[in-house]
Amino acid sequence: MSESLETPSHQLHEDLGVWTSSEMPLVSVVVPNYNHARFLPERFLSIRSQTFKDYELIVLDDASSDHSLEVIRNELSDLPHTLMTNDRNSGSPCSQWLKGIRQARGQYIWIAESDDSCPPTFLATMLERMGQEVLLSYCRSSEIDAIGTHISENSFYWPEAFDSKLWKKSFSISSDQFCRDFLTQGNVIPNASAVLFRRDQALSCLSIQSILSGFLFAGDWLFWLHYLTNGDGNVCYTPNAQSWFRSHSTTTRALSRDKAKASRHINEFCKVIIMVSDYQPEQRLWKWPHRMLSPSWDWIFIEYIQRIKPSILELLIGHGLHGPLRLQFPLRLILSKQVHSHAFPRLSRLIYSACLTWRIGQAKAIGYIKRLLT
């Protein structure tokens, strides 16, 4: 895959207060883009508007087929930046991350996804949490729609599925505990645009570049897992929504009607779960029996049911799953009320109605007996 590099002359813009070619910026802002021309003006405005100005800007275009390059050049004509373009699409968001990390000169990296946005205080807020012992700081993300309207400030935040209280307040915990308790269960860093992390530590992820290049949907989960398990420090979090995740039809999280794309989505989850044991080898002996009874991966089974829409026969054999998830699925299908209700909604409603009728009947019978006794 060939790529080109465009580096406009770097001059000091006093009104902007940004970096010059002779300075070493504290933060490298990496904007990976693919066909997000309509969102780029807002993304760049959110970067320009940051109250913290000591940053460099690196823009990566992954062979967009829309007019992204025209928008980038127009929007950044007066702002020093580096533009790197691919002749062919890489098919891997994390491959673009690594390219930006290589190019970066800053001590810290901000992956500012091209379709997201944020308030002017994002960088200043995240930098306040980046002490010497901190590997990564991130914040809560709120959701916006395609035109930038906030969907709900109080909408469900994905990590709360694993701990309903932890992400409601600020915390700082060791990277080892964070991985052991949460990141091996699911990607509890759901939005890269909400994260600030160290470039020197991120270079360790170059060792898994060939693996990450094969991931379209779950590469970020594997990236964070590798980044944190190969470092010694803390993870800091702030519950203030300093990042805005854009929900639209072409985002990788959207449910797809394309069967092949849906299958790839689930297949990538299966691959990450297989790799999880490589990051915690001391737990291999007891982990899998524990997982068979634990609800920690039920969310993947629900994603599987929603995306693949398997038939009854496919459900029973776990068609489309592989590795530990396929072995675990039949048992979780029986034991997990949540998984069962997604797999057999009509049956679940029938069982629920029957139980409700039974309980109402019980209550009436108990009330009748009490009246007889009094």
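Residues numbered from 1 in each chain as written. Predicted model: local features only at pLDDT ≥ 70, side-chain atom pairs only at ≥ 80, totals over all residues. Heavy atoms only, no water.

Peer 1: An account of the environment of N86 is needed here, citing residue identities and associated values.
Peer 2: By the secondary structure assignment, N86 is in strand β4 (residues 82-86). Among the polar contacts made by the side chain of N86, one reaches the side chain of Q96 at a distance of 3.1 Å. Among the polar contacts listed, one links the side chain of N86 to the side chain of K99, at a separation of 2.4 Å. (Helix = DSSP H or I, 4+ residues; strand = E, 2+ residues; numbered from the N terminus. Polar contact = N/O pair within 3.5 Å; in protein donor to acceptor, adjacent residues only side chain to side chain.)

Peer 1: Outline helix α2 (residues 68-75), listing residues and values.
Peer 2: Turning to α2, its buried residues number three or more, namely S68, V71 and I72. Taken down its axis, α2 places every buried residue within 100° of arc, on the same side. Each element contacted by the buried residues of α2 is listed here: β2 (27-33), α1 (40-48), β3 (55-61) and β4. (Buried < 20%, exposed > 50% of the residue type's maximum accessible area, 1.4 Å probe, protein only. Arc of directions from axis to C-beta. Contact = heavy atoms within 4.5 Å.)

Peer 1: For the pattern of salt bridges, give the residues involved together with the corresponding values.
Peer 2: One pass over the full model with this rule turns up 10 salt bridges. For the salt bridge of R48 with D78, the shortest nitrogen-to-oxygen distance reads 2.4 Å. Of the two residues, R48 sits in helix α1 while D78 sits in the loop between α2 and β4, which places them 30 residues apart along the sequence. On the basis of relative accessibility, which here comes to 17%, the residue R48 falls in the buried class. The class for D78 is partly exposed, based on a relative accessible area of 36%. The network of salt bridges with shared partners includes R140, E160 and K168. (Salt bridge = Lys/Arg side-chain N within 4 Å of Asp/Glu carboxyl O.)

Peer 1: Give a description of the packing of helix α5 (residues 175-183) against helix α8 (residues 219-229) that names residues and reports values.
Peer 2: α8 packs onto α5 with a crossing angle of 145° between their chain directions and a minimal axis gap of 9 Å. You can see that α5 and α8 cross each other, and the crossing is left-handed. Counted together, S175, F178, C179 and L183 of α5 and W221, W224, L225, L228 and T229 of α8 form the full contact between these two elements. The class makeup of the residues in the contact of α5 with α8 is 7 nonpolar, 2 polar and no charged. (Axes fitted to C-alpha atoms, helices over the stretch in contact; angles between N-to-C directions. Left-handed = near helix turned anticlockwise from the far one by under 90°. Nonpolar A, V, L, I, M, F, W, Y, C, P; charged D, E, K, R; others polar.)

Peer 1: A description of the nonpolar core should follow, citing residues and the corresponding values.
Peer 2: Among the nonpolar cores identified, the biggest contains 68 residues, and Y138, F178 and F197 are the most heavily contacted of them. Considering each element in turn, this core owes the most residues, 8 residues, to helix α9 (residues 259-279). Listed in part, the 29 residues of the second largest apolar core include V27, W110, F122 and L123. (Core = buried A, V, L, I, M, F, W, Y, C linked by side-chain atoms within 4.5 Å.)

Peer 1: How would you summarise a nonpolar patch on the surface if you had to cite specific residues and measurements?
Peer 2: The grouping of I312, L313, L316 and I317 at the surface amounts to a nonpolar patch, some 410 Å² of accessible area in total. Here I317 is to be found in helix α12 (residues 312-317). (Patch = residues over 30% accessible without salt bridge, like charges linked within 9 Å, V, L, I, M, F, W, Y side chains within 5 Å. Areas by Shrake-Rupley, 256 points an atom, 1.4 Å probe, with all protein chains shown as cover.)

Peer 1: Account for the packing of aromatic side chains, with residues named and values stated.
Peer 2: Applying the stated criterion to the full structure yields 22 aromatic pairs. Judged by centre distance (5.1 Å) and plane angle (90°), the ring pair of W158 and F162 falls under edge-to-face. Judged by its relative accessible area of 17%, F162 is buried. In this structure an aromatic cluster arises from ring pairing among Y138, Y157, W167, F171, F178, F182 and Y237. (Phe/Tyr/Trp six-rings, centres within 6.5 Å; stacked < 30°, edge-to-face > 60°.)

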